[in-house]
Structure formats: C-alpha cells, structure tokens
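Residue-level listing of the chains:
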Amino acid sequence: MSVTEKFISNLSFRLNKENDLSDITWAMCETSDLFLTEFLAFFFPSVDFDEVTLQREVANDDSRPDFYFEYNDKIYLIECKIWDRNHHFAQYTKRFGIPNEQLGYITNYPMMKEGFAVHTWTELYSYLKKRIPTEEKELWNGYLEYLKQVCYIFIPTKPMNTDGMYSLYAFYCSLDEVFACDNDKYTSLIYDSRKDTNSGGNIYGTPRDGVMGKYFDVTFKHIRLQQTWGWMGVYFEREKPVICIGFDNREGWGEPVYKLLKNQLTKIKKGKYFDSAYEDGNSIWFDFNKVDRFNSLDSPSKQISLLRSYFFEVLDVIYTIKQNA
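Residues numbered from 1 in each chain as written. Predicted model: local features only at pLDDT ≥ 70, side-chain atom pairs only at ≥ 80, totals over all residues. Heavy atoms only, no water.

(A) Up close: the overall build of the protein chain. Tallying secondary structure elements over the protein chain gives ten helices and twelve strands in all. On the principal axes, the C-alpha backbone points of the protein chain span a range of 80 × 45 × 40 Å. The 325 residues of the protein chain split such that 45% are buried. Taking the intrachain contacts of the protein chain between residues at least 6 apart in sequence as the baseline, contacts between residues at least 24 apart amount to 60%. Accessible surface, the protein chain: about 18400 Å² in total, of which carbon and sulfur atoms supply 49%. (Helix = DSSP H or I, 4+ residues; strand = E, 2+ residues; numbered from the N terminus. Buried < 20%, exposed > 50% of the residue type's maximum accessible area, 1.4 Å probe, protein only. Contact = heavy atoms within 4.5 Å. Areas by Shrake-Rupley, 256 points an atom, 1.4 Å probe, with all protein chains shown as cover.)

(B) Up close: the pairing of strand β7 (residues 186-190). Where strand β6 (residues 181-182) and β7 come together, two bridges link them in antiparallel fashion. If you follow cysteine 181 over to β7, its bridge partner there is serine 188. Pairing between β7 and strand β8 (residues 211-220): five bridges, direction antiparallel. Counted as the bridge partner of tyrosine 186 is phenylalanine 220 from β8. (Pairing = 2+ DSSP bridges.)

(C) Representation of the pairing of strand β10 (residues 242-248) in the model. With respect to burial, β10 is a largely interior element, six of its seven residues being buried. Here strand β9 (residues 228-235) pairs with β10 via five bridges, running antiparallel. Directly across from tyrosine 235, in β10, lies its bridge partner valine 242. Here β9 hands over to β10 after six residues, the two strands then running antiparallel side by side. Of the pairings in the sheet, the one linking β10 to strand β12 (residues 283-288) comprises five bridges and is antiparallel in character. Bridged to phenylalanine 247 within β12 is isoleucine 284.

(D) Just the pattern of salt bridges, in detail. Scanning the model with the defined rule gives 18 salt bridges in all. Linking lysine 81 and aspartate 84 is a salt bridge whose minimum nitrogen-to-oxygen distance equals 2.9 Å. Look at the salt bridges and you will find they share partners, linking Asp23, Arg56 and Asp66 into a network. (Salt bridge = Lys/Arg side-chain N within 4 Å of Asp/Glu carboxyl O.)

(E) Looking closely at the sheet that holds β7. Taking strand neighbours across the sheet as the criterion, the seven strands line up as β6-β7-β8-β9-β10-β12-β11 in an open arrangement whose pairing is antiparallel. A single partner strand is all that each edge strand has here, and the edge strands are β6 and β11 (274-280). Packed onto the sheet, helix α10 (residues 300-324) meets β6, β7, β8, β9, β10, β11 and β12 and runs at close to 30 degrees relative to β10. (Axes fitted to C-alpha atoms, helices over the stretch in contact; angles between N-to-C directions.)

(F) Layout of the side chain of lysine 81. Position of lysine 81 relative to the elements: it lies in the loop between β3 (74-80) and α4 (89-96). Relative accessible area serves as the criterion here: at 1%, lysine 81 is assigned to the buried category. Separated by 3.5 Å, the side chains of lysine 81 and glutamate 79 make a polar contact. Apart from the residues lying within four places of it in its own chain, the contact partners of lysine 81 are Glu18, Asn86, His87, His88, Tyr105, Ile106, Thr107, Asn108, Tyr109 and Trp121. (Polar contact = N/O pair within 3.5 Å; in protein donor to acceptor, adjacent residues only side chain to side chain.)

Structure, rendered in structure tokens:
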C-alpha cells in the first residue's frame, strides 16, 4: 500500500461517521473529474452529465440531502446512509419538486423502497473497483479502502465452511489460561472489562470486523514500569488469520509499554515465536510466527502451551528492555 493509499485509508479510524463519509466522497469528486463522472453514473446511468458542481447539504426548509446539483435545469439529489434508518424518500422528492428517478439513495445495508432505486455502498465499491484509472490508481484505491472500513464491506470470494467456527470459539476461551502467570518477573491475568464500565471497548476491532481477542493485565516486578493492559487475539478477516499481541498508545492501557518500545523497535531481535516488533495503527505489535506448528499440534493443551510460550516471550522482551534502559 502506497503512502497516499495508507493516508486515505487511515482516515477511517477517525472520520467514520455518516457525514464524514459524505465529506470524504465530496472531496474525491472535487479532486478527480473521473471519479465524479463515475460516481454520478452509478446513481443516474441514463444521464450523460457535463460540468456538474456537486454541493454538500443544501437545505430546503426541513430537508437537507447530502448532495445536491443541477443539470439542464433539473435538480438531482443523493442521500447517503450508514446505520441511520431515518429515511426521507417522499420528503425529499416533494420538497425539491423532483421525480423519484432524480433522487439517488445509498445505504450500507440492503433495503428496498417501492418506486425508488436504492443502492448499497458495497455495490458502489464493486462498481468503482472495476473502473480505477491507471493515472489515479493510488487515490481511488485509498478511497475504496476507506470505504471498505467505514461501511464494513466484505465481498466473499470462496464458499463458506463451518468447520473452523468452533476452533475460533475455543481459541477465544483459551486466552484466559494463556494469560495466567505469576513468576519472578511479572504477574499477568485476564482483564475482565465487565468490571469497568469505562473500559472504552475493544479498540482493535470486534467480531463484526473479523477480530476476536481479549485484554490482559500485566504487572512487572523489580523494574519501574507501570501496570499495563495489553491485548492478544486473532485477525480472521483474511484467508490466513494472524495471531498477535498489541500494546496501544492509550493512557491507562498500553501506554507504558508503547512508550518504552517505540524507540527500541529496531533493537528488538527476532524471537522464537515472533519475527519482529512493529508499530501500526498507534500500537506496538508482535505477530505469532508459529501458526503452522500450532495447527499441527494434536491436543488443545499443547496448543495453549505454545501460545503461553509466545505470550511469555513477548513479556520477557519488554522486561529485558526496561531492565537495560
């Protein structure tokens, strides 16, 4: 992923509300005439637009559609929805005095409204994906990745199989045992967020995002390092899932370890159970590198033992770096 693509994609972490999506889409239309052409053709395929000025949130009494433009003395509107189900079909057509076919409508969930053409962001994603111009490839790919994250777009390419679902549940439940430790360097255990109403949720993602994991609490002994809460889990939104441990730069959570490791990443050598430590998404990560071995083991107890060895190796690295600081 190029720097441009990564920049636009990263906007999804902060600018992920309905109005944000419309603003980013408006910016794309303002930046690229090619994008504007395809965006309008998606909603109004029978009209060959030329020299269109797309305006944001033009109000008319109690109505304020996301996009407004005029062409050949006709008014066209586009309304964008993510999770909001407060719809304005008849309200908009009546207030602006337009026929149904001049109202474009898009949501991130399937829905139908008699007399109107309702599209989904997934449809737009697929439509644009097929029309990426070579000269603007990075810009379009960045927007599509942003769109994918904000609208939770997933397009399966292979048939589904239920065989591995129990394994995911077993992995999740086994983390409690992986975290349990009390030795001469540190004490660690599962963090029960149910006891803390201000926990802030799982910033690494949810099952809906293709992420499942748990936070752990670790207290280091004999070194001056504050109590820390890290996260371990699996990203399974890809064909080859990744098991990883992360410490985010968030006060009261992974910040002490994050600050300790941030300027030491190049000094952390390849371990037995991870290849490197790296920063991504404002967190420090250690990816488990023994997935094939994990999958080949013939008992849950051996698999849990392997995960524990990986977990302890990461904590040992942190302990050693602080001890030598």
